[in-house]
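# Geometric and topological summary
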Amino acid sequence: MSDLAPQPRVNRLVAAITAFGQAVIIGGQHARSHVHYIGGLGYLLYDTTVWVLRCLFLPRQKIGWPALASQMVRVGVRSIGIIVLVQSFIGVILALQLAPTLEAYGQLERVADVVGIAMFRELGPLLAAIVLSGFAGASIAAEIGAMVEAEEIKALRAHALNPIRFLVMPRCLATVIMLIGLTVLSDVVGILGGMITSWLVLDIGPRKYLYFTQVALVYRDFITGLVKAGVFGLLISIIACYEGLNVSGGAVGVGRATTATVVKSIVVLIATDCVFTAMFFLFKL
Amino acid sequence: MTNVAVDVPNNAVIAVRDLVMSFAGPDGRLVHVLDGVSFEVYAGETLVIMGGSGCGKSTLLNCLIGELRPTDGHIYYRIKGMNQPVDLRAMNEKGLNELRKRFGILFQSGALFNSMTVAENIALPLQEHSYVDSSIIDIVVTLKLQQVHMLEHRDKMPAQLSGGQKKRAGLARATALDPEILYYDEPSAGLDPVTSAAIDQLMMDLSKKLQVTSVVVTHEMDSAFRIADRMVMLDRGKVLKIGRREEFESLRDTSPERLANDDERLIHQFLCGDPEGPLTKADGTSEYEKLIIAGE
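Read on for a plain summary of the structure. (Residues numbered from 1 in each chain as written. Chains lettered and ligands numbered in written order. Predicted model: local features only at pLDDT ≥ 70, side-chain atom pairs only at ≥ 80, totals over all residues.)

### Observations concerning the overall build of chain B
Along chain B, the regular secondary structure elements total ten helices and ten strands. Computed over C-alpha atoms, the radius of gyration of chain B comes to 20 Å, within 12% of the 19 Å expected from 2.2 N^0.38 for 296 residues, which places it in the range of a compact globule. Structurally, chain B occupies a C-alpha span of about 60 × 45 × 40 Å along its principal axes. Burial statistics for chain B: of 296 residues in total, 39% are counted as buried. Considering only residue pairs separated by 6 or more positions, chain B has 65% of its internal contacts joining residues 24 or more positions apart. (Helix = DSSP H or I, 4+ residues; strand = E, 2+ residues; numbered from the N terminus. Rg over C-alpha atoms; globule rule 2.2 N^0.38 Å. Buried ≥ 20, exposed ≤ 12 C-beta atoms within 10 Å, placed from the backbone. Contact = placed C-beta atoms within 7 Å.)

### Quick notes on the overall build of chain A
The secondary structure content of chain A amounts to nine helices and zero strands. Reading chain A from its N terminus to its C terminus gives the helix and strand order α-α-α-α-α-α-α-α-α. Rg of the C-alpha trace for chain A: 25 Å, well past the compact-globule value of 19 Å for 285 residues, more than 25% over. Taken along its principal axes, the extent of the C-alpha atoms in chain A is 80 × 70 × 35 Å. Put simply, chain A has 285 residues, and 37% of those count as buried. When contacts within chain A are restricted to residue pairs at least 6 apart in sequence, long-range pairs at least 24 apart make up 86% of them.

### Regarding the interface of chain A and chain B
The partner chain B presents 13 residues to the ten residues of chain A that form the contact. Residues of the side of chain A that touches chain B, tallied by class, amount to five nonpolar, one polar and four charged. (Nonpolar A, V, L, I, M, F, W, Y, C, P; charged D, E, K, R; others polar.)

### A word on the nonpolar core
If you look at the biggest cluster of nonpolar residues, it comprises 137 residues, and the most contacted ones within it are Ala128, Ala129, Leu179 and Cys241 of chain A together with Val48, Ile49 and Tyr183 of chain B. Per-element accounting of this core gives the leading share, 20 residues, to helix 4 (residues 111-149) of chain A. If sequence neighbours within four positions are ignored, Tyr183 of chain B has contacts with Leu61, Leu64, Ile65, Phe103, Ile105 and Val215 of chain B. (Core = buried A, V, L, I, M, F, W, Y, C linked by C-beta atoms within 7 Å.)

### Looking at unusual backbone geometry
One non-glycine residue, Glu151 of chain A, adopts positive backbone phi at about 65°. For Gln211 of chain B, which is not a glycine, the phi torsion comes out positive at approximately 50°. As for its position among the elements, Gln211 of chain B is in the loop between helix 6 (193-210) and strand 8 (213-217). In this structure Gln211 of chain B comes out as exposed when scored by C-beta crowding, with 10 C-beta atoms within 10 Å.

### Let's talk about the pairing of strand 1 (residues 12-24) of chain B
All names here are of chain B. As judged from the ten bridges shared by strand 1 and strand 2 (residues 30-42), these two strands associate in the antiparallel manner. In the sheet register, Met21 faces strand 2, and the bridge partner there is Leu34. Connecting strand 1 to the antiparallel partner strand 2 that follows it, the hairpin turn spans five residues, and Gly28 within it adopts a positive phi of roughly 85°. Where strand 1 and strand 4 (residues 72-77) come together, five bridges link them in antiparallel fashion. (Pairing = 2+ DSSP bridges.)

Everything listed here is a matter of geometry and, on its own, says nothing about what the molecule does.
Below is the structure:
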């Protein structure tokens, strides 16, 4: 057939309806998979909470302190170095970025206020959580995924041992506890970074800097940051465990779960932080 | 556990009745991986379940151990201390866990917990289910390791063990709670012939010493003929033949021309590992491969 042959006329209305129908079907499939994912996370969270309560209040159920301690070391202690490094840089960056604007208003010493509030309320918990999602979240997903592939999860169930109690619960508790601890460390290191920069570059002495920080901060700033850290820790660990438990397809599946954990954790962390900030703003916290 | 009045022979430990397991295929069509499977496993015997790739034997094992819930049919267990057989399909998770404590499983890869030593792997089910003192658990672990000739490896991590050693350690863990039934998933897979024969010998010794009922899923025929009392041949989700080992040996040793029907010729081809026969099409691909390629 020649290229110049007349093409059959397409009814534009039919084409538009078909395209709309296909878009609805694809949208519906995406929505279904998202609902399935959120439902799965919710169910895992519920199951984990039930196991934590059982282990705390039922005499025959053990919390498994050695497993919890080893996860705390793995999740938290090994992340200390990288979190100190990142947060000290953030303190330096904040101080240097704010200085010109504040100086224009004759309020240079207020660098301490802004760095302190930003670190305690936002950047301390959020950046510690983001670092932890890449450091510990990915590692949890890969480890559990590899266990699924090696039939270890099946072996646990075959011995009447619940994988949520043995694998998910200690990892969630460890991530929550350690992220709260790491957030305190982040706050301190961030303020130290800002203080040293102010001392060396902006000519604000440490005593003056700490005085302004102390005046600007209230306990509420510290507590809201820690509440956020606890929730962030729970989200990272639940997403990582869920992705790990749902691995299929061998090494490729493990790699996919690791990437998905980091990406989804960061999106969920920032979205949750946004919700927290809006709530704190509404309730003047 | 749910008790039910059913027709299960008195000496049967497991009775599978009209078992159906269906999955949705890639095109949304329902595919019956198991289609009306029925058989019994008698106390103290070793039953070998065999069949080609994709015939449904792994699905059957997963149903037997409660890893998969069958679509239809029943799996009855007659456990010591219970008057009536219990139906696995009617059990809740708690009942299923009680049942799981009565059987041990040796997985294809050993499935040892990689973060624990060999001894810790064996101790874990005891610590969680037996509520005995740690010194007694230590003695039991030593005994179980002696049974599988692995005592000198007790403090090694699974990554430091060979394939055969992993299976031995997995077998020690499977027997930790003194089970009444032992399941084996491809016990000889990935092992050299000598190690494979040694594992078979170990399985037979344990079966005799511990007086357990054994169910073995395999397609390694040398191993199957060494250990089996009775055999079940699966084909495309259905039971093709159940019989004593001698009956299968006779089928294997008979020339295909003298066999009565296609089913027997198919079993003969499988047992002998012939590349040509009713299992294989003219293009060299087997019926199983065609099903797998078609996504079934």
